[in-house]
Amino acid sequence: MNAFRKYWYVVAQSDDLRDAPLAAVVLGESIVVWRQHDGQPVAMADRCLHRLARLSSGRISGGVLQCGYHGWCYDGSGRVCRVPSAGSDEGRRRPRRSLPFASCECDGYVYVRLDPESGALDDAAPLPMPHWNEPGWGHVRLVNRFAGNVADCIENFIDVPHTAFVHRGVFRDSRGERIQATVVRSAGRVHVRYRGEQSNLGPWTWFLNPRRTPVEHEDNYIRPNITCVRYRLSNGYGFVITSQAVPIDERNTLVYTDLAYRFGRFTRFAAPFVRRAGQKVIDQDLAILAEQGEVIAAHGRRFSVSPPDLIHLCVEDIRRAIARGDDPQCLPDKTFDIEFFV
Ligand code: FES
Ligand SMILES: [Fe+2]
């Protein structure tokens with residue numbers, strides 16, 4: 001059993017889950033997600049018990065899910081409650097059931113856990129999205145399918161050096177600025193606090209940090225698939241980028257990106273700009289990760305390490321512990337400093 005199945009993964013946005021079933025794939029498992037009559041989400045294997053048609057191509061009728069092939073109906077507990085070709089009593093006479101996966105909703109996302117057993121106590125609920133519906137903050141949500149492995153996506157989302165090359169002129173420029181950071185691996189998480197960043201925020205510097213005061217920047221990895229990047233500026237502005245990387249299979253990952261921002265009186269108008277800039281940055285990452293994924297598929301994963309890559313090794317330690325079936329919170333704590341140039 002894949003130990004990553006113990007964790008919560010996004011399978012849909014709440015607003016998209018209305019009167020039709022949706023299909024999702026997590027860790028190779030095809031899932032149908034739908035809403036029953038009381039509004040609760042239900043997630044089941046996306047195959048009909050009858051002749052294995054995809055339930056996601058069926059419809060919701062009278063609060064139950066009906067397969068599109070011969071019309072078998074499933075209630076919210078996964079029980080077959082109606083078999084049209086066998087008369088109205090068939091569901092009661094021969095109980096058949098497709099056991100649903102655990103599902104829940106949090107901050108506009110529908111989550112599923114494939115394995116009923118939780119990874120650890122504090123994984124009992126999904127992580128709330130930072131600043132969701134918080135006064136003074138704006139929020140933009142983006143969804144992108146990466147042609148890359150989940151581990152490579154996670155690495156990219158908390159990798160500072162690539163921003164000066166992949167996102168040159170958009171995010172940072174390569175100018176040899178010294179950056180120091182303290183890295184802490186603890187309780188199944190990695191926390192990195194950067195020091196020394198001031199003005200290298202690309203063309204947005206004039207708006208975000210016109211006085212070029214020191215920028216507070218921290219990156220977080222939260223097992224098994226979440227990264228959270230926070231910038232705080234001395235004028236009270238700030239933005240937080242939370243990425244949930246949902247593994248579809250070994251080579252594809254669906255990424256839900258939450259961009260929370262606070263730009264003072266400009267917050268109200270910023271959504272279209274944040275959306276456009278965020279998608280532009282992600283498009284550049286989509287291209288480089290697709291390229292990297294192709295080469296890894298052909299030649300395997302033998303990497304070389306420079307100082308900032310020590311952060312990625314900490315993430316790898318945690319993901320390896322999960323893969324072994326261990327609780328990553330039992331790894332010994334680790335703290336160290338790194339220095340690099342951007
Ligand atoms: S395959 Fe679903 S009802 Fe026949
Ligand atoms: Fe990037």
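Given the structure is predicted, the values throughout are model-derived calculations rather than measurements. (Residues numbered from 1 in each chain as written. Chains lettered and ligands numbered in written order. Predicted model: local features only at pLDDT ≥ 70, side-chain atom pairs only at ≥ 80, totals over all residues. Heavy atoms only, no water.)

**Some remarks on the packing of helix α2 (residues 150–157) against helix α4 (residues 271–299)**
Alright, step 1. Interaxial distance between α2 and α4 falls to 11 Å at its minimum, and their mutual angle equals 140°. Viewed along their axes, α2 and α4 adopt a mutual orientation that is oblique. Viewed along their axes, α2 and α4 form a crossing whose handedness is right-handed. Of the residues in α4, those touching α2 at Asp152, Cys153 and Asn156 are Asp285, Ile288, Leu289, Gln292 and Ile296.
Alright, step 2. In the contact of α2 with α4, the residues fall into four nonpolar, two polar and two charged. (Axes fitted to C-alpha atoms, helices over the stretch in contact; angles between N-to-C directions. Helix = DSSP H or I, 4+ residues; strand = E, 2+ residues; numbered from the N terminus. Parallel < 35°, antiparallel > 145°, perpendicular 65-115°, else oblique. Left-handed = near helix turned anticlockwise from the far one by under 90°. Contact = heavy atoms within 4.5 Å. Nonpolar A, V, L, I, M, F, W, Y, C, P; charged D, E, K, R; others polar.)

**So, the pairing of strand β15 (residues 226–232)**
Alright, step 1. Counted residue by residue, β15 has five buried out of seven residues, so it is predominantly covered.
Alright, step 2. In this structure, the hairpin formed by strand β14 (residues 216–222) and β15 is closed by a connection of three residues.
Alright, step 3. In the sheet, β15 pairs with strand β16 (residues 238–249) via seven bridges, with the strands oriented antiparallel. Across the sheet, isoleucine 226 pairs through a bridge with glutamine 244, a residue of β16.
Alright, step 4. In sequence, β15 turns back onto β16 through a hairpin of five residues, with glycine 236 there showing a positive phi of about 95°. (Buried < 20%, exposed > 50% of the residue type's maximum accessible area, 1.4 Å probe, protein only. Pairing = 2+ DSSP bridges.)

**Structural notes on the packing of α2 against helix α5 (residues 309–324)**
Alright, step 1. Running from amino to carboxyl end, α2 crosses α5 at an angle of 145°, the nearest separation of the two axes being 10 Å. At the point where α2 passes α5, the crossing takes the right-handed sense. For the pair α2 and α5, the contacting residues are Val150, Ala151, Ile154 and Glu155 in the first and His312, Val315 and Arg319 in the second.
Alright, step 2. Here the residues of the contact of α2 with α5 sort into four nonpolar, one polar and two charged.

**Observations concerning the domain arrangement of the protein chain**
Alright, step 1. Split into domains, the protein chain comes out as domain 1 (3–123) and domain 2 (138–341).
Alright, step 2. Relative placement of domain 1 and domain 2: their C-alpha centres are 33 Å apart.
Alright, step 3. Taken together, the contacts link 19 residues of domain 1 with 18 residues of domain 2.
Alright, step 4. Between domain 1 and domain 2 lies a buried interface of about 1600 Å² when both sides are counted; carbon and sulfur atoms form 55% of it.
Alright, step 5. When the area that domain 1 buries against domain 2 is broken down by residue, the three leading residues are Phe4, Tyr7 and Tyr109, summing to 34%.
Alright, step 6. The interface formed by domain 1 and domain 2 contains zero salt bridges.
Alright, step 7. Where domain 1 meets domain 2, there are seven residue pairs in polar contact (both at pLDDT 80 or more).
Alright, step 8. For the side of domain 1 that touches domain 2, the elements supplying multiple residues, two or more each, are β1 (8–13), β2 (22–26) and β10 (109–113).
Alright, step 9. Here the element with the most residues in the side of domain 1 that touches domain 2 is β1; it accounts for five residues.
Alright, step 10. Considered class by class, the residues forming the side of domain 1 that touches domain 2 number 13 nonpolar, three polar and three charged. (Domains from an automatic or database assignment. Buried area = accessible area lost by both parts, 1.4 Å probe. Salt bridge = Lys/Arg side-chain N within 4 Å of Asp/Glu carboxyl O. Polar contact = N/O pair within 3.5 Å; in protein donor to acceptor, adjacent residues only side chain to side chain.)

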